[in-house]
Amino acid sequence: MSQDSPVAAPTPPASLPPDPASTLDETQAEDLLHGICFKNGPPRLLGAELEWLVVDAERPGLPLSAERLCEAHAAARALTLDSEVTVEPGGQLELSSAPAASLGGCVDSLRGDLTAVRAALLSRGMLLRGLGQDPRHPQRRLLASPRYEAMEAYFDRTGPAGRSMMRGSASVQVCVDAGTEEPGLFGHGRRWRLAHLLGAVLVAAFANSPGGQGPYAGWRCSRQGNWADIDGRRALAPPLDAPPRSGWVRTALDTEVMCVRSSGDGPWSMPRGLTFRGWLRGGPPGLRPPTAEDLDYHLSTLFPPVRPRGHLELRMIDAQPGDDGWLVPVAVVHALFDDPEAAETAYRVAKGLADSYGTASAPRNPLWRSAARHGLADPELRSAAATCFRAAAEALPRLGADAHVRDTVAAFAERYVLRGRCPADEPPERWLGGPTGPEARR
């Protein structure tokens, strides 16, 4: 189960001209996508990717200098951790767990790593903050490379949402196995549909990026607004009525290529309007043919709310407040997908949301829009969340969750879900300047 970050993924080496043996035709590309995006089998593994804002311990509302951010990143990378440490373009710090065979294994590993990282940063006067969208300004891009230059230039074509996403967003991404080939409770078709319908409930319950001024003013999840607006197709889910594999293959191949990598230090080319399928069919004159590495790179520039990477990567959850707020979505998603009784309940809830989801792709359909705007103030989403959290709470003992995990999930449900609230409904002073740790959950 790969845990690399889509934005901070390392750039694969590029060469010109490509090895003719490695170039792809359309059929080969489709076969590769079929083989690598949904690896079937019973649910066994769980993973999480935690993105954090790095803030000054004394003045958390002010941006950090590039020098201090680099100091924080170097301190985290110098530690011996189970998790992989990566950096997002705006300096956000990400810890990606190794695939774990149990909820306890995943949570314990990440908690230990976070304890070490927090201590290293605190000794340098810095803290980690869980917030879906950074409200501090100005936001600058810390990382400079051909990848990020091309990405930013591409997103600038459609407005400011891309820069805001790159420079200031943070999430909790939960990774679960794709499921079995056979239909049934853990069939990959059912889990795929569950992830997209239930995704709106997760957006609403964990919304933690309150919008201030601008196009998302008043939204509980402005981060989701940015994702919906980065371009016309790149962050959209495939049609819900399409079979998972064929729907994803069409989406991936028919999405515009962000850039064409080249060797050397110069900027990468950005052929406007060229889809990967169009590139496979020849592309503009003089453009080299695509390779399997190009296809893999292209996939790393697609940002749907549920991304198939062999497993399913659920990308719609905002970073959470407090030291242990992140473990609530990890535990709840694991329960709703991998415990048989909770998964059955979750699927019944999800089916009831299908009419509100409609025919438009997430995150641009009415259900997802309402989740981002209103959180659990939407009565349909509030009812769905309450049912799902009850099912998850009942499942956690069966999944071996310890008392701390169970109590943390129960406290979140009591504080937010049962009251039709989400973290974004907290007073504004808590967004960056409030306490962390147990006192943040009182």
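Coordinates for the structure precede this section.
Residues numbered from 1 in each chain as written. Predicted model: local features only at pLDDT ≥ 70, side-chain atom pairs only at ≥ 80, totals over all residues. Heavy atoms only, no water.

1. With respect to helix H16 (residues 403-415)
In a regular helix each residue adds 1.5 Å, so 13 residues correspond to 18 Å; H16 covers 18 Å between its end C-alpha atoms and thus fits that length. Taken together, the buried positions of H16 are occupied by Val405, Thr408, Val409, Phe412, Ala413 and Arg415. In this fold, the buried residues of H16 make contact with helix H3 (103-122), helix H6 (188-205), helix H11 (327-338) and helix H15 (379-395). The N-cap residue of H16 is aspartate 402: its side-chain oxygen and the backbone nitrogen of histidine 404 are 3.2 Å apart. (Helix = DSSP H or I, 4+ residues; strand = E, 2+ residues; numbered from the N terminus. Expected span 1.5 Å × (residues − 1). Buried < 20%, exposed > 50% of the residue type's maximum accessible area, 1.4 Å probe, protein only. Contact = heavy atoms within 4.5 Å. Polar contact = N/O pair within 3.5 Å; in protein donor to acceptor, adjacent residues only side chain to side chain.)

2. Focus: the environment of serine 383
For serine 383, the location among the structural elements is in helix H15. Sequence separation of serine 383 and arginine 406 is 23 residues, and the distance between their C-alpha atoms is 21 Å.

3. Overview of the side chain of threonine 301
Tracing the backbone through its elements, the reader meets threonine 301 in the loop between helix H10 (292-299) and strand S6 (306-308). Take threonine 301: its relative accessible area is 1%, and that puts it in the buried class. Sequence-distant contacts of threonine 301, that is, excluding residues within four places in its chain, are made with Arg147, Arg234 and Met258.

4. Thoughts on the nonpolar core
Grouped together as the largest cluster of nonpolar side chains are 125 residues, with contacts concentrated most on Trp326, Leu336 and Phe389. Of the residues forming this core, the biggest block, 11 residues, is contributed by H6. Residues Leu53, Leu131, Ala170 and Ala319 belong to the second largest nonpolar core, which totals five residues. (Core = buried A, V, L, I, M, F, W, Y, C linked by side-chain atoms within 4.5 Å.)

5. Focus on the pattern of salt bridges
Across all of its chains, the model carries 31 salt bridges by this definition. Across the salt bridge formed by arginine 190 and glutamate 344, the nearest N and O atoms sit 3.1 Å from each other. With arginine 190 in helix H6 and glutamate 344 in helix H12 (residues 340-352), this pair connects stretches of sequence that are 154 residues apart. Between arginine 288 and aspartate 294 there is a salt bridge whose closest N-O contact spans 2.7 Å. (Salt bridge = Lys/Arg side-chain N within 4 Å of Asp/Glu carboxyl O.)

6. Notes on the packing of aromatic side chains
All told, the structure shown has 11 aromatic pairs when counted by the stated rule. Between phenylalanine 206 and phenylalanine 412, the aromatic rings sit 5.1 Å apart at their centres with planes inclined by 35 degrees, giving tilted as the arrangement. Highlighted residues: phenylalanine 206 in the loop between H6 and helix H7 (222-229) and phenylalanine 412 in helix H16, separated in sequence by 206 residues. For the pair formed by phenylalanine 206 and phenylalanine 412, the shared burial category is buried. A centroid spacing of 5.8 Å and a plane angle of 80 degrees characterise the contact between tryptophan 268 and tyrosine 297, whose relative ring orientation is edge-to-face. Here the residue tryptophan 268 occupies a position in the loop between helix H8 (244-253) and helix H9 (276-280), and tyrosine 297 occupies one in helix H10, the gap between them amounting to 29 residues. (Phe/Tyr/Trp six-rings, centres within 6.5 Å; stacked < 30°, edge-to-face > 60°.)

Purely spatial values, then, with no claim about function.
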